[in-house]
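Take a look at the letters that make up each chain.
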Amino acid sequence: MTTLSPLLQIEDLHVAVEGKEILRGVSLALYPGEVHALMGPNGSGKSTLAYAIMGHPKYQVTQGRILLKGEDITSATADERARKGLFLAFQYPVAVPGVTLFNLLRTAGRALRGQDLPVVQFRRRIREQANLLKMDESFLQRYVNEGFSGGEKKRAEILQLTVLQPTVAVLDETDSGLDIDALRVVAEGINAFASPANAILLITHYQRILRYVRPRFVHILAEGRIVRSGGPELAEELEARGYEQVLQQVRSQA
Amino acid sequence: MSDVALTQRPLSRLTEEAVRRLSARWGEPGWALHARLDAFHAYQQTPFPPPSHEWWRRTDVASLPYEAFQPDGDAPRRRTLGTARTLLRPGKEYDALLVQAEGHTLRHLLSPAVERAGVVVMPLEEALRQRPSLVQTYLGKAIAPTENRFTAMASAFRNGGVFIYLPRNAQVERPIHLLHILARPQGALFPHTLIVAEEGASATIVEDYWQEGEGPALALPVVELLLDSASQVRYTGVQCLGPQALFLSFQRSRILGRDASLLTYQIHFGSRFVKTVLENHLEGQGSRSDLLGVLFGDGEQVFDQVTLQDHHSPSTTSDLLYKSALKDTARAVYYGTVKVRRGAVKTDAFQTNKNLLLGGRPKADSIPVLEIEADDLRCSHAASVGPVDEEHLFYLQSRGIPLPEARRILVEGFFDPLAQRIPTPWLRERIWAFIHRKMQTPDASKGG
Ligand SMILES: Nc1ncnc2c1ncn2[C@@H]1O[C@H](COP(=O)(O)OP(=O)(O)OP(=O)(O)O)[C@@H](O)[C@H]1O
Ligand SMILES: [Mg+2]
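Residues numbered from 1 in each chain as written. Chains lettered and ligands numbered in written order. Predicted model: local features only at pLDDT ≥ 70, side-chain atom pairs only at ≥ 80, totals over all residues. Heavy atoms only, no water.

Caption draft 1: Quick look at the overall build of chain B. A tally of regular secondary structure across chain B gives ten helices and 21 strands. Relative to a compact globule of 448 residues, whose C-alpha radius of gyration would be 22 Å, chain B shows 22 Å and is just as compact. Taking the intrachain contacts of chain B between residues at least 6 apart in sequence as the baseline, contacts between residues at least 24 apart amount to 84%. As presented, chain B carries roughly 17600 Å² of accessible surface, and 51% of it is formed by carbon and sulfur atoms. (Helix = DSSP H or I, 4+ residues; strand = E, 2+ residues; numbered from the N terminus. Rg over C-alpha atoms; globule rule 2.2 N^0.38 Å. Contact = heavy atoms within 4.5 Å. Areas by Shrake-Rupley, 256 points an atom, 1.4 Å probe, with all protein chains shown as cover.)

Have a look at this one:
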């Protein structure tokens with residue numbers, strides 16, 4: 001295990017949004033087969049990290065670098081990063097007017113593989129995955145996220161994950177807004193995706209999903225830095241004690 | 001020579017002689033000639049609509065060289081169908097077809113079923129001879145010839161047009177396709193379309209404006225629609241003239257009967273300058289009107305569109321969706337009024353205008369206006385002008401789709417809901433082809 005090199009490596013990352021520094025030195029390494037959970041209070045910079053990893057032009061890396069499979073992607077465009085194997089499930093997926101979910105998956109599939117899978121085959125694959133996620137097939141012919149409920153949007157993100165099969169997936173609060181059954185279905189989708197060949201950064205507020213998707217590490221982000229890392233028990237501690245106490249403890253130790 | 005051309009005022013081709021020649025060409029009866037001459041005098045005496053009028057202030061229609069175009073050219077040669085032939089390729093379904101080149105009828109076909117049902121689809125001039133009382137009952141009931149300088153001009157120099165009459169309960173299954181071809185250099189086209197739907201009748205009509213070649217030309221159609229109770233008409237106008245053409249159209253629909261429904265669709269890809277005035281009047285209680293519009297401008301094209309959703313009666317519904325994409329230095333003006341008259345309670349009126357600005361320095365103005373005199377109604381309007389949304393682009397890019405393709409997908413997505421509502425598959429295909437061609441043409445402002 002330890003001889004492997006990380007799939008995703010983040011080194012001393014500083015990120016500014018509209019001139020305001022949000023991340024102040026984040027470092028992380030995700031090795032093949034690992035699931036890392038990232039937790040932290042509202043506004044601590046979790047989504048900022050997710051966007052910066054994916055290469056959103058508004059999120060400027062002012063220091064540090066991001067490596068994907070050993071390759072520096074800090075200045076690559078989002079589509080280049082995706083084609084190198086990166087995926088982001090958005091916390092708030094936007095509606096893309098006029099573009100059906102099927103068309104998106106097909107075009108993305110083609111862009112990622114550099115070639116077209118035969119329609120029949122691709123259609124079957126999408127349908128299988130949609131069924132696993134208990135999504136009605138009619139969603140495929142609807143415009144992406146337009147009029148989708150909160151939970152339906154999250155499911156559609158995971159459908160894209162399982163169909164597109166990236167190497168590194170950042171899942172930003174995919175569990176938020178899901179009912180109990182949906183949470184299990186989505187968690188099963190994530191588990192079905194997880195393999196020794198890929199890695200997942202799971203951003204969440206709740207320990208609940210971590211009962212289904214077992215992380216190897218749990219990190220706490222606060223004020224733009226990872227202030228504590230630990231095993232799954234850290235999530236339980238957070239759930240029991242809340243951020244306030246855990247963070248106070250961190251501060252007093254520092 | 002050039003000195004002379006500069007100093008001499010160019011000869012007008014919109015003369016009384018031209019009016020008489022046009023009337024003689026179809027052997028019109030005396031009253032028809034007189035109607036033309038009345039319109040001609042109105043044309044001479046009526047000034048252009050003043051720029052102080054909201055509908056006319058944003059583009060300068062008075063300075064266009066209308067008189068340089070010839071309305072009374074000879075019959076075009078056989079090859080006139082030329083590139084228009086591609087619009088008539090086999091496999092294209094229709095129940096009636098009428099092709100005219102500057103008023104000369106080149107093709108005129110009617111399916112037996114439609115003929116049996118008593119449906120009339122006829123060149124207007126022919127209808128004036130064969131069905132004078134029927135035509136006279138309706139002609140000018142929506143648009144009076146003397147209404148403004150343009151309608152007067154069009155009535156005086158009318159050189160073509162169509163009369164469509166749908167008798168009671170007539171159901172025309174497949175589209176009625178009307179094709180107008182501008183065939184001569186410096187030609188002028190003044191077609192008058194009159195569509196009458198009796199109670200319970202239903203039809204889909206596509207009116208196409210096409211140009212052979214790319215020279216300067218003028219088209220100024222007048223379109224009248226009259227709908228009786230429970231009739232259903234879908235009327236689409238598609239304008240794909242050449243890059244130097246001037247296109248001005250006046251279209252007014254009167255939905256007279258109860259529970260009638262009308263879809264009007266305006267599609268514009270061509271012409272250097274386009275001005276359209278479209279009014280749908282909901283006069284019959286419970287009637288409904290959908291108004292759709294698509295345009296894609298590039299180069300130096302200018303589009304100035306005026307719409308009116310006029311609710312006269314209670315429980316009427318109108319729903320408008322107009323979208324434009326613009327690139328290079330193209331410009332679009334949209335001025336849309338929703339009017340709800342006193343007593344028109346339980347009205348639903350919706351209006352949406354969206355303008356997508358692509359590469360170059362295009363410009364769009366969107367002006368929604370509400371004139372509400374009734375209460376107890378639902379009314380909404382939305383307008384937007386702007387480039388492709390950055391967050392939408394990022395979403396697609398995050399799925400591996402390169403920027404140019406992401407842009408293309410979003411432009412297609414912009415039009416997709418409207419394309420789906422194009423009433424016939426062959427037209428839908430053609431519209432997509434035009435959209436793709438427009439997207440691909442290099443930015444003219446960069447000289448590429
Ligand atoms: N585009 C932006 N413009 C301005 N400020 C931003 C932008 N994006 C993030 N921020 C700011 O950066 C900080 C971190 O935001 P971020 O969304 O990363 O937090 P988060 O940890 O994901 O919070 P949550 O748990 O609520 O999702 C916040 O103060 C937020 O207001
Ligand atoms: Mg967040």
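Now that the structure has been shown, the text picks up again.
Caption draft 2: Region of interest: the overall build of chain A. Summing up its helical and strand segments, chain A has eight helices and ten strands in all. Since a compact globule built from 254 residues should have a radius of gyration of about 18 Å, the 18 Å found for chain A is in line with a globular shape. Once the C-alpha set of chain A is aligned to its principal axes, its extents read approximately 60 × 40 × 40 Å. Counting across all 254 residues of chain A, residues that qualify as buried make up 55%. Expressed as a percentage of contacts within chain A between residues at least 6 apart in sequence, the contacts between residues at least 24 apart total 68%. For chain A, the exposed area adds up to about 11200 Å²; of that, 48% sits on carbon and sulfur atoms. (Buried < 20%, exposed > 50% of the residue type's maximum accessible area, 1.4 Å probe, protein only.)

Caption draft 3: Quick look at the packing of aromatic side chains. Per the stated rule, a full pass over the model turns up 23 aromatic pairs over all chains. Arranged with centres 5.6 Å apart and planes meeting at 25°, the rings of Phe150 of chain B and Phe250 of chain B form a pair that is stacked. Of this pair, Phe150 of chain B sits in helix 7 (residues 149–156) while Phe250 of chain B is found in strand 12 (residues 245–255), placing the two residues 100 residues apart along the sequence. Accessibility assignment for this pair places Phe150 of chain B and Phe250 of chain B in one class, buried. One aromatic cluster is present, formed by Tyr51, Tyr59 and Phe90 of chain A together with Phe394 and Tyr395 of chain B through successive ring pairs. In this structure, Lys275 of chain B is placed above the aromatic ring of Trp56 of chain B, and the distance from its NZ or CZ to the ring centre is 4.3 Å. Between the NZ or CZ atom of Arg437 of chain B and the centre of the ring of Phe434 of chain B, over which it lies, the distance is 4.8 Å. (Phe/Tyr/Trp six-rings, centres within 6.5 Å; stacked < 30°, edge-to-face > 60°. Lys NZ or Arg CZ within 6 Å of the ring centre and 35° of its normal.)

Caption draft 4: Representation of the packing of helix 9 (residues 403–419) of chain B against helix 10 (residues 425–440) of chain B. All names here are of chain B. Direction vectors running N to C along helix 9 and helix 10 enclose 155°, while the axes themselves pass 11 Å from each other. With respect to helix 10, the axis of helix 9 lies roughly antiparallel. Considering how the two elements wind past one another, helix 9 and helix 10 form a crossing that is right-handed. Touching Arg408, Val411, Glu412, Phe415, Asp416 and Ala419 of helix 9 are Arg428, Trp432, Ile435, His436 and Met439, all from helix 10. (Axes fitted to C-alpha atoms, helices over the stretch in contact; angles between N-to-C directions. Parallel < 35°, antiparallel > 145°, perpendicular 65-115°, else oblique. Left-handed = near helix turned anticlockwise from the far one by under 90°.)

Caption draft 5: Molecular detail of the coordination of the magnesium ion (ligand 2). All names here are of chain A. Surrounding the magnesium ion (ligand 2) are the protein donor atoms Ser47 (OG) and Gln91 (OE1), at 2.0 to 2.1 Å. Residue Ser47 is located in helix 1 (residues 46–54), and its partner Gln91 is located in the loop between strand 6 (86–89) and helix 3 (101–113); the two are separated by 44 residues in the primary sequence. Each member of the pair Ser47 and Gln91 is classed as buried. (Donors = N, O, S within 2.8 Å, 3.2 Å for Na, K, Ca; no water.)

Caption draft 6: Geometry of the interface of chain B and chain A. Taken together, the 20 residues of chain B in the interface contact 34 residues of chain A. Summed over both sides, the interface of chain B with chain A buries roughly 2000 Å², with 64% coming from carbon and sulfur. Our enumeration of links across chain B and chain A arrives at three salt bridges. Between Arg399 of chain B and Glu157 of chain A there is a salt bridge, with the nearest N and O atoms lying 2.8 Å from each other. Scanning the region where chain B abuts chain A turns up ten residue pairs in polar contact (both at pLDDT 80 or more). Elements that contribute at least two residues to the side of chain B that touches chain A include exactly helix 8 (390–397) and helix 9 of chain B. Per-element tally for the side of chain B that touches chain A: the top contributor is helix 9 of chain B, with eight residues. Grouping the amino acids of the side of chain B that touches chain A by side-chain chemistry returns ten nonpolar, six polar and four charged. (Buried area = accessible area lost by both parts, 1.4 Å probe. Salt bridge = Lys/Arg side-chain N within 4 Å of Asp/Glu carboxyl O. Polar contact = N/O pair within 3.5 Å; in protein donor to acceptor, adjacent residues only side chain to side chain. Nonpolar A, V, L, I, M, F, W, Y, C, P; charged D, E, K, R; others polar.)

Caption draft 7: Structural detail: the site of ligand 1. Residues and elements named next belong to chain A. Within the structure, ligand 1 sits among 16 residues, and Gly43, Lys46, Ser47, Thr48 and His205 are positioned closest to it. In the environment of ligand 1, an oxygen atom lies 3.3 Å from a nitrogen or oxygen atom belonging to the backbone of Ser44. In this structure, an oxygen atom belonging to ligand 1 sits 3.0 Å away from a side-chain N or O atom of Gln91. About the coverage of ligand 1: the protein hides 69% of its 630 Å² of free accessible area. Residue assignment for the shell around ligand 1 shows that the elements contributing at least two residues are strand 2 (20–30) and helix 1. (Near = heavy atom within 4 Å.)

Caption draft 8: Local environment of the environment of Tyr165 of chain B. Residue and element names in this part refer to chain B. For Tyr165, the position within the fold is in strand 4 (residues 161–166). With residues up to four places along the chain from it excluded, the contact list for Tyr165 reads Gly118, Val119, Val120, Leu134, Tyr138, Val196 and Glu198. Among the polar contacts listed, one links the side chain of Tyr165 to the side chain of Glu198, at a separation of 2.6 Å.

Caption draft 9: Up close: the pattern of salt bridges. For the coordinates displayed, the defined rule picks out 40 salt bridges over all chains. In this structure, Arg20 of chain B engages Glu16 of chain B in a salt bridge whose closest nitrogen and oxygen atoms are separated by 3.0 Å. Taken as a pair, Arg20 of chain B and Glu16 of chain B lie in helix 2 (residues 16–25) at a separation of four residues, close to a single helical turn. The partner of Asp298 of chain B in a salt bridge is Lys438 of chain B, with the nearest N and O atoms 3.0 Å apart. One end of the pair, Asp298 of chain B, is in the loop between strand 15 (288–297) and strand 16 (302–311); the other, Lys438 of chain B, is in helix 10, and 140 residues separate them in sequence. The exposure class of Asp298 of chain B is buried, given its relative accessible area of 14%. Ionic contacts of the salt-bridge type, sharing partners, join the residues Arg110 of chain A together with Glu405, Arg408 and Glu412 of chain B into one network.

Caption draft 10: The confidence of the model for chain B, seen in detail. Per-residue pLDDT for chain B averages 93, and the proportion of residues at 70 or more is 94%. Note that residues 1–7 of chain B has pLDDT below 50 and, in this model, zero contacts with residues that lie over four places away or in other chains. (pLDDT = per-residue confidence, 0-100.)

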